[in-house]
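Spelled out, the chains give:
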Amino acid sequence: MDRSAATARYPADQRLKRLVADLLANSDRFAQLWETGIAGHHQAARKTIDHPEAGAVTLDCDVLTVAGGDLRVMVYTAEPGTEDAERLALITVLGTQALSTRSLGSSA
């Protein structure tokens, strides 16, 4: 039910308005849930992480919180095609190499 948050966040989005109107008109269950306002909470922020090998990487951080619970999911992404995306990909590879090296060293 994150669409309720999306409609507040993007009030001028006509496609989103049509989607919600269609769902309200054709789904009693959706209409019930929409009326209750039960939805997960979404927060977005930009964070800069200073990685010791890749340098500063600015990422989008999305935090999804389940309504009525303590569960939070944090997702870090970089805009595709940017230098930050390249650095994030490098960090992924560096992390894999570090794990492989440790694994090889501990089995000897």
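Everything numeric in this text was worked out from a predicted model, so none of it was measured.

A few points about the packing of aromatic side chains
Here the distance between the centres and the angle between the planes together describe a pair of aromatic rings.
Stage number 1. With the rule as written, the count across this model stands at 1 aromatic pair.
Stage number 2. A ring pair is formed by F30 and W34, whose centres lie 5.6 Å apart and whose planes are at 25 degrees; its orientation type is stacked. One end of the pair is F30 and the other is W34, both in helix α3 (residues 28-36) and 4 residues apart, which spans about a single turn.
Stage number 3. F30 sits in the buried class, given a relative accessible area of 8%.

Considering a nonpolar patch on the surface
Stage number 1. A contiguous nonpolar surface patch, about 310 Å² in accessible area, is contributed by L64, L71, V73 and V75.
Stage number 2. Tracing the backbone shows V73 in strand β3 (residues 72-77).
Stage number 3. Classification of V73 by relative accessible area gives partly exposed; the value is 38%.

Focus on the environment of L59
Stage number 1. Along the polypeptide, L59 turns up in strand β2 (residues 55-65).
Stage number 2. In this structure L59 comes out as buried when scored by relative accessible area, which is 4%.
Stage number 3. In this structure, the C-alpha to C-alpha distance between L59 and R46, residues 13 residues apart in sequence, is 5.6 Å.

Basis of the calculations
Residues numbered from 1 in each chain as written. Predicted model: local features only at pLDDT ≥ 70, side-chain atom pairs only at ≥ 80, totals over all residues. Heavy atoms only, no water. Phe/Tyr/Trp six-rings, centres within 6.5 Å; stacked < 30°, edge-to-face > 60°. Helix = DSSP H or I, 4+ residues; strand = E, 2+ residues; numbered from the N terminus. Buried < 20%, exposed > 50% of the residue type's maximum accessible area, 1.4 Å probe, protein only. Patch = residues over 30% accessible without salt bridge, like charges linked within 9 Å, V, L, I, M, F, W, Y side chains within 5 Å. Areas by Shrake-Rupley, 256 points an atom, 1.4 Å probe, with all protein chains shown as cover. Salt bridge = Lys/Arg side-chain N within 4 Å of Asp/Glu carboxyl O.

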